[in-house]
Amino acid sequence: MPTNKIAVVCNSTNPDLVQYFLCKLNTLQNSTLKASYIAFKNKSILTNDSKNMYTSSYTDKAFFDKKLPLDFLISFYILIIVLKNRVTTIHFTTAHISNLFLSIFLKPFKIRQIFTIHDLIPHPGKKAILIKLYNQFVINILSDEVISFSKNEILKQNKSQKFQALTLSGFEQYSNEAKSGQKTILFFGRIEFYKGIENLFNIIEKSNQVNTGYTFIIAGKGTIPNLQQMQNLKNVEIINRFIDDSELKELFQKASFTLLPYNSATQSGVTILSYSYATPVIAYNVGSLSEYIENQKNGFLVDFKMNDKIIQILQETSDDEIKQLSAFAIKSFEKKYSYKACLTYYKEYYKKIMEN
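The structure displayed is predicted, hence computed values, not measured ones. (Residues numbered from 1 in each chain as written. Predicted model: local features only at pLDDT ≥ 70, side-chain atom pairs only at ≥ 80, totals over all residues. Heavy atoms only, no water.)

## Points about the state of the cysteines
Using the criterion set out here, one finds one disulfide in the structure. One disulfide in the model links Cys23 with Cys342; its S-S distance is 2.5 Å. Its S-S torsion of about -140° marks the bond between Cys23 and Cys342 as left-handed, since a negative value means left-handed. On the criterion of sequence distance, the pair formed by Cys23 in helix H1 (residues 15–28) and Cys342 in helix H12 (residues 339–355) is long-range, its members being 319 residues apart. Residue Cys23 is classed as buried on the basis of its relative accessible area, which comes to 0%. Cys10 forms no disulfide, and the closest cysteine sulfur to it belongs to Cys23, at a distance of 12 Å. Residue class for Cys10 comes out buried when judged on its relative accessible area of 0%. (Disulfide = S-S within 2.5 Å. Helix = DSSP H or I, 4+ residues; strand = E, 2+ residues; numbered from the N terminus. Buried < 20%, exposed > 50% of the residue type's maximum accessible area, 1.4 Å probe, protein only.)

Given below as structure tokens:
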């Protein structure tokens, strides 16, 4: 039996976060690490592994949910399983309030606790204060190590020595064919204030004024504050609802670029998703986007609110150049952001943990 046993936890039901969790689980199931782990998950997550798998959460939301008291009670049962299996390291792979119950119960037992935090600096919004409180409690009190996907954000932390920087990865590749000829810009994802919908309005106006020939598609659920004005613009299609996977494929197939005119950002899953569809990205150079977008290779980085520069890119980038950007997006995705890359990152990471 291994002397160093790892437990991985995913209490979230967010589809992207579940996918990252399954990637980590797959890593631990490979031949060199097999039988060195147990896993805990939300009831709704489906896996093929039942032998080493336990339910640790029934909640549907990351913070407050009517099933939260049940999660609290389950934490006592999970604590017994962790101790019985002589777990030496536990990895909370997603942010979730139910993590706190188990983590607090584990503190007296000196088990190493690793937390993954996707957004060390919370996005502005209703949950920003709650996320900040969760992050600070985890970083300063509960964790022995924190995984982040942003080197820039780590440098801003008072306890940066506690952090491990990894690359956000684990997506499936949906296209490996470079594109050209499309004249469509895609703005995709849940529509929130920090994503700069007001900046997008300005960009579309300027694009129409100089007749770039591009159509803009806004696709995602959320409140569009200037919806009526946006609808009155030419060359705009608005799909203001949840986008399922079949629609998503069609949208990315149409797109020459994905546009991220964000007011603030950490890393962005939309960026990597775009690469998985062979779609280059145009974005403001904010947050940690420069760690994921290679300027003039798999997209363009533009200074914040330099919308004239974006218009210049649309006017001057030829079909052949878009094809080159698309081809590089495919290569960078395969190397850095794919499911295969994720397996490699975590195989090395978990191997290091087990050796220490």
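There's plenty left to go through after this.
## Structural notes on a positive patch on the surface
Taken together, the side chains of Lys61, Lys126, Lys127, Arg190 and Lys221 make up a positively charged region of the molecular surface. Inspection of the secondary structure puts Lys126 in the loop between strand S5 (112–116) and helix H4 (128–142). The exposure class of Lys126 is exposed, given its relative accessible area of 87%. (Patch = residues over 30% accessible without salt bridge, like charges linked within 9 Å, V, L, I, M, F, W, Y side chains within 5 Å. Areas by Shrake-Rupley, 256 points an atom, 1.4 Å probe, with all protein chains shown as cover. Salt bridge = Lys/Arg side-chain N within 4 Å of Asp/Glu carboxyl O. Lys, Arg positive; Asp, Glu negative; His and termini not counted. Charge placed at Lys NZ, Arg CZ, Asp CG, Glu CD.)

## Structural notes on a nonpolar patch on the surface
Taken together, the side chains of Phe64, Ile129, Leu130 and Leu133 make up a nonpolar region of the molecular surface, amounting to roughly 430 Å² of accessible area. By the secondary structure assignment, Leu130 is in helix H4.

## Some points on the sheet that holds strand S12 (residues 281–284)
A sheet is described by the order of its strands in space; here six strands give the open sequence S10-S9-S8-S11-S12-S13, paired in parallel fashion. The open sheet has two edge strands with one neighbour each: strand S10 (236–239) and strand S13 (299–302). Strand-to-strand twist in this sheet, taken as the mean axis angle between neighbours without regard to direction, amounts to 20°. Bridge count for strand S9 (residues 215–219) against S10 is four bridges, and the pairing is parallel. Paired with Ala219 across the bridge in S10 is Ile239. The strands that helix H8 (residues 245–254) touches are strand S8 (184–188), S9, S10 and strand S11 (257–260); relative to S8, the one it contacts most, it runs at about 140°. The strands that helix H9 (residues 269–276) touches are S8, S11 and S12; relative to S11, the one it contacts most, it runs at about 175°. (Pairing = 2+ DSSP bridges. Axes fitted to C-alpha atoms, helices over the stretch in contact; angles between N-to-C directions. Contact = heavy atoms within 4.5 Å.)

## Focus: the nonpolar core
Among the nonpolar cores identified, the biggest contains 81 residues, and Phe188, Phe216 and Phe257 are the most heavily contacted of them. Top contributing element to this core by residue count: H1, with seven residues. Those residues in contact with Phe188, other than ones at most four positions away along the chain, are Ala219, Ile243, Leu248, Phe252, Val270 and Leu273. Ile38, Leu106, Ile117 and Phe163 belong to the second largest nonpolar core, which has 31 residues in total. (Core = buried A, V, L, I, M, F, W, Y, C linked by side-chain atoms within 4.5 Å.)

## Section: the environment of Ala283
Within the secondary structure, Ala283 is located in strand S12. As for Ala283 and Thr271, which are separated by twelve residues in sequence, their C-alpha atoms are 9.2 Å apart. Not counting residues within four places of it along the chain, the set of residues in contact with Ala283 comprises Leu260, Leu289, Ile293, Phe300, Leu301 and Val302.

## Here's the deal with the side chain of Thr59
Within the secondary structure, Thr59 sits in the loop between strand S3 (53–57) and helix H2 (68–84). Engagement of the side chain of Thr59 in a polar contact is seen with the side chain of Ser57, the distance being 3.0 Å. Among all residues touching Thr59, those that are not within four sequence positions of it are Thr13, Asn42, Asp65, Lys67, Leu68, Asp71, His96 and Ser98. (Polar contact = N/O pair within 3.5 Å; in protein donor to acceptor, adjacent residues only side chain to side chain.)

## Some details on the packing of aromatic side chains
Counting across every chain of the model gives 19 aromatic pairs. On the basis of an interplanar angle of 65° and a centroid distance of 6.0 Å, the ring pair of Phe188 and Phe252 is categorised as edge-to-face. A residue pair is termed long-range when its members are at least 10 positions apart, and Phe188 in strand S8 and Phe252 in helix H8 qualify at 64 residues. Neither Phe188 nor Phe252 differs from the other in exposure class; each is buried. Residues Tyr284 and Phe304 carry aromatic rings whose centres are separated by 5.3 Å and whose planes lie at 80° to one another, so their mutual orientation is edge-to-face. Pair noted here: Tyr284 is in strand S12 and Phe304 is in the loop between S13 and helix H10 (307–316), with a separation of 20 residues, a long-range link. Among the residues examined, Tyr284 registers a relative accessible area of 0% and is labelled buried. Taken together, the aromatic side chains of Phe72, Phe76, Phe101 and Phe105 make up a single cluster linked through ring pairs. (Phe/Tyr/Trp six-rings, centres within 6.5 Å; stacked < 30°, edge-to-face > 60°.)

## Digging into H12
Given 3.6 residues per helical turn, the α-helix brings residues three or four places apart onto the same face. Here H12 is 17 residues long and its end C-alpha atoms lie 24 Å apart, about the 24 Å a rise of 1.5 Å per residue gives. Every buried residue belonging to H12 is among Tyr339, Ala341, Cys342, Tyr346, Tyr349, Tyr350 and Ile353, and all of these are buried. Projected onto a plane normal to the axis of H12, the buried residues spread over an arc of 155° and lie on a single side. Seen from the open side of H12, the exposed residues pointing more than 90 degrees away from its buried face are Lys340, Glu348 and Glu355. (Expected span 1.5 Å × (residues − 1). Arc of directions from axis to C-beta.)

## Overview of H2
For H2, built from 17 residues, the straight-helix expectation of 24 Å at 1.5 Å per residue is met to within 8% by its first-to-last C-alpha distance of 25 Å. Of the positions making up H2, those classed as buried are Leu68, Asp71, Ile74, Ser75, Ile78, Leu79, Ile81 and Val82. Downstream of H2 by one or two residues, Arg86 has phi in the positive range, about 55°.

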